[in-house]
Every structure is written in structure tokens, then in C-alpha cells.
Amino acid sequence: MKTTELAIVGAGPAGVCAALEAASYGVKVTLIDRDDEIGGQLVKQTHKFFGWHEKSAGTRGIVISRNLAGSVEENASICFMGSTEALGYYKDDGVLLLETPQGIEKLKSGRLLIATGACEKMILFPGNDLPGVYGAGAVQTLMNVHGVKPGDSVLMIGSGNIGLIVSYQLVQAGVKLAALVEALPGIGGYAVHASKIRRLGIPIFTGYSIKEAYGTDCVEGAIIWQLDDNWQGIAGTEKDLNVDVVCLATGLTPLCEFLWQAGAGMAYVPALGGFVPLYDENMKTTVDGIYVAGDVAGIEEASTAMAEGRLAGLAIANSLGKVSAGEFLEKRRVSLEELEQLRAGPTGKAIVEGLAGLRGQMGKRVSV
Amino acid sequence: MKGGILLTTGVPSKEQVESRTPPKSRRERGPFVVIECFQEIPCDPCHYSCKFGAIKQFESINDIPEVDWSKCTGCGVCVAACPGLAIFVVDETFSDTECLIAIPYEFAPLPGKGDAVRLLDRAGQEVGGGFVHRVLPGKKPQGTPVVWLRAPKELSMTVRNLEPVEKGGVSHG
Ligand code: SF4
Ligand code: SF4
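Every chain is numbered independently, its residues counted from 1 as its sequence is written. Chains carry letters and ligands carry numbers; both start at the beginning, A for chains and 1 for ligands, and go up in the order they are written. Given that the model is predicted, a residue must reach a pLDDT of at least 70 before its local features are reported, and side-chain atom pairs must reach 80 or more before they are shown or counted; all residues, however, enter totals for whole chains, interfaces and linings. No hydrogens and no water enter the side-chain calculation; it runs on all heavy atoms of the structure.

K.L.:
I keep staring at the packing of helix 4 (residues 161–172) of chain A against helix 5 (residues 191–198) of chain A and nothing clicks. Help me out?
P.N.:
Each pair of packed helices gets described by two things: the angle between the helix axes and the distance between those axes. All names here are of chain A. The angle between two axes is taken between their N-to-C directions and runs from 0 to 180 degrees, where each axis is a line fitted to C-alpha atoms and a helix contributes only its stretch in contact. Counting from the N terminus, the helices are DSSP H or I runs at least four residues long and the strands are E runs at least two residues long. Packing of helix 4 against helix 5 brings their axes to within 9 Å, and their N-to-C directions diverge by 30 degrees. Judged by the inter-axis angle, helix 4 sits roughly parallel to helix 5. When you trace helix 4 past helix 5, the crossing you get is left-handed. Residue-level inspection shows Asn161, Leu164, Ile165, Ser167 and Tyr168 of helix 4 in contact with helix 5, the latter providing His193, Ala194, Lys196 and Ile197. Here the contact of helix 4 with helix 5 is built from residues that sort into 5 nonpolar, 3 polar and 1 charged. Roughly parallel here means an angle under 35 degrees, roughly antiparallel means over 145, roughly perpendicular means 65 to 115, and every remaining angle is called oblique. Left-handed describes a crossing whose near helix is turned anticlockwise from the far helix through less than a right angle; right-handed describes the clockwise counterpart. Contact between two residues is taken to exist if any of their heavy atoms lie within 4.5 Å; hydrogens are not considered. Each residue gets one of three labels, nonpolar for Ala, Val, Leu, Ile, Met, Phe, Trp, Tyr, Cys and Pro, charged for Asp, Glu, Lys and Arg, and polar for the others, Gly among them.

Structural data, given as C-alpha cells:
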């Protein structure tokens, strides 16, 4: 069986930043991803990121992922295992079961970081099983990674940043955006993203949802309607849209199966996307040796995932005795402050409240 | 709805736009920046992009950018630097009848100098015709191209997007 000091599942922004931080203290890291490329969702983010000027703000996700991949490749302490699916975690032995291109392998690690990210949420409506109904992430992968147009005319559901950004990128790819609908009374994502798609002439309907998608073998059209105060459609407000794609950007939910398997303490926090692990200010879960970072610990922006990754990497290096006490405390303080600032705006308010709830529950738990 | 029309339609209110427009005396003096970023979001590169110190230092990453128009030269560097594509430059001193408007434009193919274009407002509605004055393509893959448009002067604070005329085959120029 292979052994490593730190195994990281997920080579997205959180996992890679954790790997680089831990490796900078001499920790031997094994970084695992089912994709053959490093970067996770960043590899399809063609837009420029927000955040701090000195921390890759204004840089496109694709450029950030290339830079991160370059740093990992140069780093002799990090072993990247691409095209490798982590199949399960056996908590009694602390063993990860991996399916590599060469076959099944077992990996035992001193510390484990789960940075598996999130998956897209589906919503219920008649016709949601028709070909042509996609998740927004899938549409982005098709267009920006594989260069394939998902269709000719799109109805986008959801006005969070993902819905707004993917709408813009669809138009960049030459696809028509028939409309964007949002069930809530207001746009969920950043106003600057909404303004960007509005000036392309894309209509935004707030307080609207999809009534149904129709078609014989695939989507041939979709009907939207206005919602009342009880989220019920109002008869007579229907609009029939001539679209061949319905794109769902209705939110993400953490991919936390490994944490359930490991017996980590979990809590249901809607503001964070569903079930999330309880964790402390070192990003450590209720299970000794298991840490989390990024969307698996609560759905947020990539800049937050990167900051959490750096914090987890630092804390793991410290737990292995590789950081001096003074340096650890000082760097952790800076990291926590950075996270606090990233969440300080009005858009971060629900997240901060959700996290406070998590902390409260964490306080009541003892390590298992 | 809290947040007003901007957060229900994506189009800022008249008052919001006016709050980012310098006084007449400044507008008559030369090109000026218009920052249409109205919401506290964790973002600050605009401040660092301006070599003239015209976008004030942020105290918190979530601050809304504030402009000192006396320092702004209208150079347009911040237009390409803003990840939200929320910054424009307007020059109302270009000629008696026309103004220049710098617009971040991330679509291919880029229009060429002299091309006739449809002028669109903040809701993507056509409000008139204009011409491409200058194109700064930016460096791939990172840069944001900036298109300087020539537009009727009275549309200086209305036009925020363009559409190449060839696309629909009709010329309004
Ligand atoms: S236009 Fe030039 S001078 Fe004016 S704020 Fe932008 S970068 Fe600064
Ligand atoms: S760079 Fe653009 S989006 Fe970011 S704060 Fe400045 S104006 Fe707003």
C-alpha cells in the first residue's frame, strides 16, 4: 500500500492551494483528481475573477488554473494523480481506495483533506428529463473546455453568479439567450454581472419560474410563468419561449459523501448549500486528521475556496509539526481575517450567519 | 425589492447613474471615467489600475469605488482592468456633435476602426448609430478589449454597448 503525509481529494482551487501551502513547509502531498487536468472548475472559467488586486483579482479562471498547475508541476513535494477516482474512505484503517488508470490502488495518509467541491441541484418541472435540459456547469464544460455549442437558443433558470456568467458566455459563443428567469424577487448574483447581460439585450424576469419544458424527443420549447407569494405559478402569465436548451443554474450542493463515510459531524445549513461538515478554525472536521476546504465546506466563491485551501494547508503542516508556533498563529490570523473580509459584503451575510450556526454546533461536539 | 431596480432588472436607476456622473464643468473639460459599480462586492483592482490615483484607496475590499475626477485623465486603463466590465470613459469634447465612449467588449470578431455599429443602451435596446473610433484589442488570453465609439453627443450617458451592423445586415450609421 502506498503512503503519503497528506492526501488531498480534489485538485480544484481549494485542493491545489492547500497542496502548495502544505508543500511549502515540506509536507509530502498526494493530490488526487478524477480529471486529468489540475484546476477543477477553474479550467472553464473564462471570466475575470473579483477579489484582491494582489491575489489574482482581474485574472481569468483559466489563467489562474494554468498558473496553479504550473506551480504544482514544479513542486517536487506534490505528486499529482490525475484521471483518478477516489472511490471510498475506510475510516477504521484510514485508507482511501483509488481507481487509477493503472487499476485499483490503496493509499494511506497521515492527514486527509477533502476538497471535492460541489454538484449542481436539479429542480422539478414537467419535461426536466428531456435531452436539452442541462446544468449550467455542464453547458460551461461543453462550450469552454470542449468547444461544443449546447444548442441555438437557451432559457436560463437562476440568477446567481453562475447563471449570470454562463448566460454571458453563451452569448460569447454565439448562442441566443431567450430569457433568464429567477424565482426570487431579486437578482441573486452580483449586479455588475447582471448589468453585463442586460446590455446584451437579455431579458431578466424576476419572480418567474419554468412551468414546463416540452418536445417530442428533445426540448423544443419552454413555458415560464410568474410566481405568487406562495411560489405558485399564476395562470395567465405564461410565456412560451422558442428554445432548444433549458439551462439550470439553480444552485450547488456540497459533495460530501466522503465525510459521511468518515463519520464526520454534519449539519444542514441551507445558506451553505445543504449538508456541510462541522469544522473548526483550522478547517479540521470532527474526525481527527480529516480537513475540508472549498465548496464541500459550504458553497462560496473560488477566491474563498483558495483562501480556505491555504488555511487548511497551513494547519495541516502545523499539525505535522512543520511550522513554528509563532508563525502558525500569525499566518492563521491573517488567513482568517482574509476570509472574514471576503464575506464582509452584503452578499456574504447569509454565509456568515450559516457559518456562525456551524461553529455553534461544532462547539458542542467532541472529536470522534 | 431592496436594492431597487438594479437588482430586479440589472439596469441601474437614473439616480444611480447620475451619482457617477461628474458636474457639467468637469464634463466640458475632457474625458472622464464613469464607474457603474453600485454594490458592495469583494473586489478592488480598479483602484490599483489607475496610475493617476483617481480611484480612491479602498478601506475594505467591499468598498464601492469612488472617483476623484480632478485626477482622472480619461486614459481608459481602468476600463480594461475591471473584472465586472463596469467601467466606461466618456469624452464630450470630441466634436460639436459627437462624443467618444470607451466600452469593454469581450466578443469576437472585434469590430474594426471606422466600422458602423448599432448603439445599445443599458437594457440592450438600440438607441442610434455610431462608428468605431479605435480598438484596443488587449493581450490574449488575459486582456479585455476596449472599443472606443463615436456616438451622437446627446447619447454620451445612454450608450453602453454596441452591435456590429453586419450582424443584422441593416445600417443605422
Ligand atoms: S480613465 Fe484613466 S485616469 Fe481615469 S480613473 Fe480610469 S485609469 Fe484613472
Ligand atoms: S474593479 Fe470593477 S467590479 Fe471591481 S470594484 Fe472596481 S469597478 Fe467594481
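K.L.:
In this structure, what is going on with the sheet that holds strand 4 (residues 116–120) of chain B? I would like to understand it.
P.N.:
Note on sheets: strands pair through backbone hydrogen bonds, and any given pair is parallel or antiparallel. All names here are of chain B. Here the rule is simple: two strands pair whenever DSSP picks up at least two bridges between them. Pairing is antiparallel in the open sheet, where 7 strands are placed in the order 1-2-3-6-5-4-7. The open sheet has two free edges, formed respectively by strand 1 (32–35) and strand 7 (161–164), since each of these has just one partner strand. Ignoring strand direction, the axes of neighbouring strands in this sheet form an average angle of 35 degrees. As paired strands, strand 2 (residues 87–91) and strand 3 (residues 98–104) are joined by 3 bridges and run antiparallel to one another. Bridging from a neighbouring strand, Val90 pairs with Ile101 of strand 3.

K.L.:
How do you make sense of the layout of surface pockets when you look at a structure like this?
P.N.:
Think of a ball as big as a water molecule: rolled over the atoms, this probe shows where empty space is left. In this analysis, the protein atoms alone were mapped onto a 1 Å grid. Cavities are point sets where a 1.4 Å probe fits without being able to get out; pockets are open sets with protein on both sides within 12 Å along at least five of seven lines; lining residues have an atom within 4 Å of a point. Grid points are joined across faces, edges and corners, and a volume is the space filled by probe spheres set on the points. Within this model, the second largest pocket holds a volume of roughly 630 Å³. What lines the second largest pocket is a set of 24 residues, and nearest its centre among them are A:Arg60, A:Gln172, B:Glu106, B:Ala108 and B:Lys140. If you tally residues by element for the lining of the second largest pocket, the top one is helix 4 of chain A, at 3 residues. Across the lining of the second largest pocket, the residue classes break down as 12 nonpolar, 7 polar and 5 charged. Segmentation into domains, and thus their bounds, comes from an automatic or database assignment. Shared between two domains, the lining of the second largest pocket takes at least three residues from each, and those domains are domain 1 (2–119 + 252–367) and domain 2 (122–248) of chain A.

K.L.:
Help me out: how do you make sense of the site of ligand 1 in this one?
P.N.:
Here, proximity means that at least one heavy atom of the residue falls within 4 Å of the molecule or strand. Residues in contact with ligand 1, as listed here, are B:Val33, B:Cys50, B:Phe52, B:Ala54, B:Ile55, B:Cys72, B:Thr73, B:Gly74, B:Cys75, B:Gly76, B:Cys78 and B:Val89. Among the residues making up the shell around ligand 1, the classes are represented as 9 nonpolar, 3 polar and no charged.

K.L.:
Just checking my understanding: could you explain the pairing of strand 17 (residues 266–269) of chain A for this structure?
P.N.:
Remember that side chains alternate between the two faces of the sheet whenever the strand is regular. All names here are of chain A. Where strand 17 and strand 18 (residues 274–277) come together, 4 bridges link them in antiparallel fashion. Bridge pairing in strand 18 links Tyr268 to Phe275. Between strand 17 and the antiparallel strand that follows it, strand 18, lie 4 residues; Gly273 among them carries a positive phi value of about 105 degrees.

K.L.:
Just to check I follow, could you spell out the interface of chain A and chain B for this structure?
P.N.:
As a measure of interface size, the accessible area lost when the parts come together is often cited. Taken together, the contacts link 38 residues of chain A with 41 residues of chain B. Together chain A and chain B conceal approximately 3300 Å² of surface at their shared face, both sides included; 55% is due to carbon and sulfur atoms. What counts as buried area is the accessible surface, traced by a 1.4 Å probe, that two parts surrender upon association, with contributions from both included. In terms of surface lost to chain B, no three residues of chain A exceed A:Lys48, A:Arg198 and A:Arg199, which account for 22% of the buried area on that side. By salt bridge we mean one thing: a side-chain nitrogen of Lys or Arg within 4 Å of a carboxyl oxygen of Asp or Glu. Taken together, the links from chain A to chain B amount to 1 salt bridge. One salt bridge connects B:Glu106 with A:Arg60, and the closest N-O pair in it is separated by 2.8 Å. Polar contacts, as used here, are pairs of N or O atoms within 3.5 Å; protein pairs need one atom able to donate a hydrogen and one able to accept it. Residues neighboring in sequence count only if both atoms are side-chain atoms. Run the count over chain A and chain B and you get 23 residue pairs in polar contact (both at pLDDT 80 or more). At the level of secondary structure, the elements contributing two or more residues to the side of chain A that touches chain B comprise helix 2 (61–74), helix 4, helix 5, strand 11 (204–206) and helix 8 (325–342) of chain A. Top contributing element to the side of chain A that touches chain B by residue count: helix 5 of chain A, with 6 residues.

K.L.:
Please explain the site of ligand 2 as it appears in this structure.
P.N.:
Taken together, A:Phe50, B:Ile35, B:Cys37, B:Cys43, B:Cys46, B:Pro65, B:Cys82, B:Pro83, B:Gly84 and B:Ile87 form the complete shell of residues around ligand 2. Mapping the residues adjacent to ligand 2 onto the chains of the assembly identifies chains A and B. Residues that form the shell around ligand 2 fall into these classes: 9 nonpolar, 1 polar and no charged.

K.L.:
Explanation requested: the packing of aromatic side chains in the structure shown.
P.N.:
Given two aromatic rings, their pairing is described by the distance between the two centres and the angle made by the two planes. Residues and elements named next belong to chain A. In this analysis, rings of Phe, Tyr and Trp, with Trp reduced to its six-membered ring, are considered paired at centre separations within 6.5 Å, and the interplanar angle assigns stacked below 30 degrees, edge-to-face beyond 60, and tilted for intermediate values. Taken as a whole and assessed by the stated rule, the structure comprises 6 aromatic pairs over all chains. Ring centres 5.3 Å apart and planes at 75 degrees place the aromatic pair Phe50 and Tyr190 in the edge-to-face group. One end of the pair, Phe50, is in the loop between strand 2 (29–32) and helix 2; the other, Tyr190, is in the loop between strand 10 (176–182) and helix 5, and 140 residues separate them in sequence. We note that Phe50, like Tyr190, is buried. Ring geometry for Tyr268 against Phe275: centres 5.1 Å apart, planes inclined by 65 degrees, an arrangement best described as edge-to-face. Each residue is placed in one exposure class: buried if its accessible area under a 1.4 Å probe, protein chains only, is under 20% of its type's maximum, exposed if it is over 50%, and partly exposed if it falls in between. Since its relative accessible area comes to 55%, Tyr268 is described here as exposed. For Phe275, a relative accessible area of 37% puts it in the partly exposed group.

K.L.:
Looking at this structure, I do not really get the packing of helix 7 (residues 302–319) of chain A against helix 8 of chain A. What am I missing?
P.N.:
Residue and element names in this part refer to chain A. Their axes nearest at 10 Å, the elements helix 7 and helix 8 cross at an angle of 160 degrees. When the axis of helix 7 is compared with that of helix 8, the two are roughly antiparallel. Crossing hand, helix 7 versus helix 8: left-handed. Within the contact between the two elements, helix 7 uses Ser303, Thr304, Ala307, Glu308, Arg310, Leu311, Leu314, Ala315 and Asn318 and helix 8 uses Phe328, Lys331, Arg332, Ser335, Leu336, Glu338, Leu339 and Leu342. When its residues are assigned to classes, the contact of helix 7 with helix 8 shows 8 nonpolar, 4 polar and 5 charged.

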